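Fold and geometry: a report
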Amino acid sequence: MAQSAGVRYNYFMTKHKELAKWVKECAELCRPDKVVWCDGSEEEKARLEKEAFKTGELIQLNQKKLPGCVFHRTALNDVARTEHLTYICTRNKREAGPTNNWMPPKEGYAKAAEIFKGSMRGRTMYIMPFSMGPVGSPFSKVGVQLTDSAYVVLNMRIMTRMGKAVLDLLEKTNGDFIRCLHGKAELDVNKRLILHFPEDRTIWSVGSGYGGNALLGKKCLSLRIGSYLGRTESWMAEHMLIMGIEEPSGYIAYVAAAFPSACGKTNLAMLLPPEGLKRKGYRIWTVGDDIAWMKIDTDGKLWAVNPEYGLFGVAPGTNSKTNPNIMAAVQKNTIYTNVLLKKDKTVWWEGDDPPVPAEGINWQGKSWKPGMVDENGEPKVAAHPNARFTVPIKNVPSITNRLEHHHGVPISAIIFGGRRAKLAPLVYESFNWQHGVFVGATMASERTAAQFGKQGEVRRDPMAMLPFCGYNMGDYFKHWLEMGKKMAQPPKIFNINWFRKDDDGNFLWPGFGENLRVLEWIISRCKGEVAAVETPIGYLPHENDVDMTGLRIPRDNMNKLLAISKQDWKDEAASVKEFFDTFGKDLPKEMTTELKYLQKRLSK
Ligand code: GTP
Ligand code: SPV
Ligand code: MN
């Protein structure tokens, strides 16, 4: 009841009046038994884990083999982001644009309040002040997330800078904060809503406990609210990895790359040079694997910061060959979600290092053995295809020493890419910034397990931001064009495709560490050191300009990887036209112009 609430709820643990008021409102809506202010300490972590071990929310892993590691299984219907339940709630529908789900704010608050109401009875509400970006940096944003999930707290303390230092800062500056209310409620997909109110700097997420649905600092704040703020404050919030490629001279070229979910950002951001390129002495520095906040500095260049503090990475397909850096990182202080639990309390997933375990408990909590099939005769998986690990970024051996730098790193190249079995060549460079924006705006990729929906279906995913742009995507393209005009030295824009297949369905390109060969060409182009072939879609490498030393792939593969079929591209242009039409008047005219140019070049 409300009358006892004042005593038990400790709203006034903070001197920040706005914060206290908001916590009180939320607690009165959700009615938790207890309110706990998180300080981000090690003791707090130990206490939460202990409680979660008791309730079964977490399982402690083998502390000899995986010190500090824990295991979690989600509800069966709560395994990936649910884009169809994700909304942008602006007063005006036009503001959300044709690619977002929209709801009027009033309706959004009312619908979600219905689900939140009393949903924390018998539970604890945790209060987490967190900073995206270094605490106190002028370019960082502060959020406060309320949640009834200890698992979410433990994830947020890895993924963000969370705890006392942020609350102190808020109080000292009487600062603004983004209000993030999260609750598991019944974890029922029919009572699930992920709502963004950019005009109120508010996020309400209810009914899911997983990933981008629940760790509100990530996609909800850093991308959806972030992109909205970026437009008005003249910066960019992007779904991009950031990495540095250091040459033996000591020069480090930084690139930012936007690929859709589960298309290789984490892997590229920490690649290990392949055998054949080792003689060249490159070193890779990881700055971020998922999100980039970028602004123009006084030198007229674009500088990027990773606002996150951890990685929430895809487990399946990850092993010591594909990504030795992450395999080293996840040996300690890691949360594993929806992977296979082995008898010795270690973990495994499809595509993990051998041996394949003889048995285990799969992500659904059922006993599993290799070769098992389900009712349809399909192999039963050990780990869910979107199973993940949450790991502190500082665990990654290739971590940059510039993570805490307020200015971030200067970006030489922006790289777009996706999964396309056909059409897109291994790499090409755009003619200029405006054409580059067109290349990004027309990106498409096959859907992966990172989001609920039909896998493999090719969909347009502009700048890999389709699910993450917090406002009208037509205005977003405009923002990109305007940012380009403001830069004295804009990055060059490229497009890659590691996923092109031959007629038998095999990947033509080996990927992973070998991708450095393509990055090397990209950097040489940025430095003006190598020529290129002009084609209707952009500049492609001369075949001999990609260093293939030590790489054995069928002779013909490179031809296939760089092939451009005029007819296929004409079809593509027609499909782009259809996509552009959905924007109506909101599409910047430069995009239509670029499409016409492309069609003209193709018809020559
Ligand atoms: P999100 O965290 O969802 O944003 O994904 P991401 O873009 O960081 O993707 P990630 O690097 O985790 O890779 C997703 C899947 O693609 C994994 O199963 C990888 O093994 C696989 N993958 C990554 N890079 C390559 C590559 O170069 N070639 C091929 N064939 N597969 C790759
Ligand atoms: C993505 O889907 O792009 C992710 C994972 O990075 S999640 O945090 O669930 O959004
Ligand atoms: Mn992502």
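In what follows, the accompanying structure is described. Worth saying up front: this structure is predicted, and the values here are computed from it rather than measured.

Neighbouring ligand 1 are 22 residues; Ala262, Lys265, Thr266, Asn267 and Arg388 lie closest to it. Phenylalanine 512 has a polar backbone atom sitting 2.9 Å from an oxygen atom of ligand 1. Here asparagine 515 contributes a side-chain N or O atom positioned 3.0 Å from an oxygen atom of ligand 1. Surface burial for ligand 1 is 92%, taken as the share of its 660 Å² of free accessible area covered by protein chains. For the shell around ligand 1, the secondary-structure elements that each account for two or more residues are helix 10 (265-269) and strand 18 (310-314). Looking at side-chain class alone, the shell around ligand 1 contains ten nonpolar, eight polar and four charged residues.

What follows deals with the site of ligand 2. Contacts to ligand 2 come from Arg81, Gly211, Gly212, Lys218, Lys219, His239, Ser261, Asp290, Phe312, Arg388, Ala450 and Phe468. Contact between ligand 2 and histidine 239: an oxygen atom at 3.3 Å from a side-chain N or O atom of the residue. For ligand 2, whose free accessible area comes to 280 Å², the fraction covered by protein is 98%. The set of elements that each furnish at least two residues to the shell around ligand 2 consists of helix 8 (211-214) and helix 9 (217-233). Looking at the shell around ligand 2 residue by residue, the class counts come to three nonpolar, four polar and five charged.

Let us now look at the coordination of the manganese ion (ligand 3). For the manganese ion (ligand 3), the full set of protein donor atoms is Lys219 (NZ), His239 (NE2) and Asp290 (OD), at a range of 2.1 to 2.4 Å. Of note is the manganese ion (ligand 3), whose six donor atoms meet at the metal with angles of 74 to 173° in an arrangement that counts as octahedral. Between consecutive donors of the manganese ion (ligand 3), the numbers of intervening residues give the motif K-x19-H-x50-D. Placement of the pair is lysine 219 in helix 9 and aspartate 290 in the loop between strand 15 (283-288) and strand 16 (292-296), with a sequence separation of 71 residues. For the residue pair lysine 219 and aspartate 290, the accessibility class agrees, reading buried in each case.

Let us look at the nonpolar core. The nonpolar side chains of a soluble globular protein tend to be buried with one another. Among the nonpolar cores identified, the biggest contains 127 residues, and Met294, Ile414, Phe416, Trp480 and Ile522 are the most heavily contacted of them. Per-element tally for this core: the top contributor is helix 6 (residues 150-159), with eight residues. In contact with tryptophan 480, other than residues within four places in its own chain, are Met236, Glu238, Met240, Ile414, Phe416, Trp433, Val437, Met463 and Ile493. Cys26, Phe116, Ile127 and Val166 belong to the second largest nonpolar core, which has 33 residues in total.

A word on the state of the cysteines. For the structure on display, the rule yields zero disulfides. Of all cysteine sulfurs, the one in cysteine 180 lies closest to cysteine 38, which takes part in no disulfide; the gap is 13 Å. Among the residues examined, cysteine 38 registers a relative accessible area of 5% and is labelled buried.

Definitions and limits used
Residues numbered from 1 in each chain as written. Chains lettered and ligands numbered in written order. Predicted model: local features only at pLDDT ≥ 70, side-chain atom pairs only at ≥ 80, totals over all residues. Heavy atoms only, no water. Near = heavy atom within 4 Å. Polar contact = N/O pair within 3.5 Å; in protein donor to acceptor, adjacent residues only side chain to side chain. Areas by Shrake-Rupley, 256 points an atom, 1.4 Å probe, with all protein chains shown as cover. Helix = DSSP H or I, 4+ residues; strand = E, 2+ residues; numbered from the N terminus. Nonpolar A, V, L, I, M, F, W, Y, C, P; charged D, E, K, R; others polar. Donors = N, O, S within 2.8 Å, 3.2 Å for Na, K, Ca; no water. Tetrahedral: all angles 85-135°; square planar, octahedral: opposite > 155°, others 65-115°. Buried < 20%, exposed > 50% of the residue type's maximum accessible area, 1.4 Å probe, protein only. Core = buried A, V, L, I, M, F, W, Y, C linked by side-chain atoms within 4.5 Å. Contact = heavy atoms within 4.5 Å. Disulfide = S-S within 2.5 Å.

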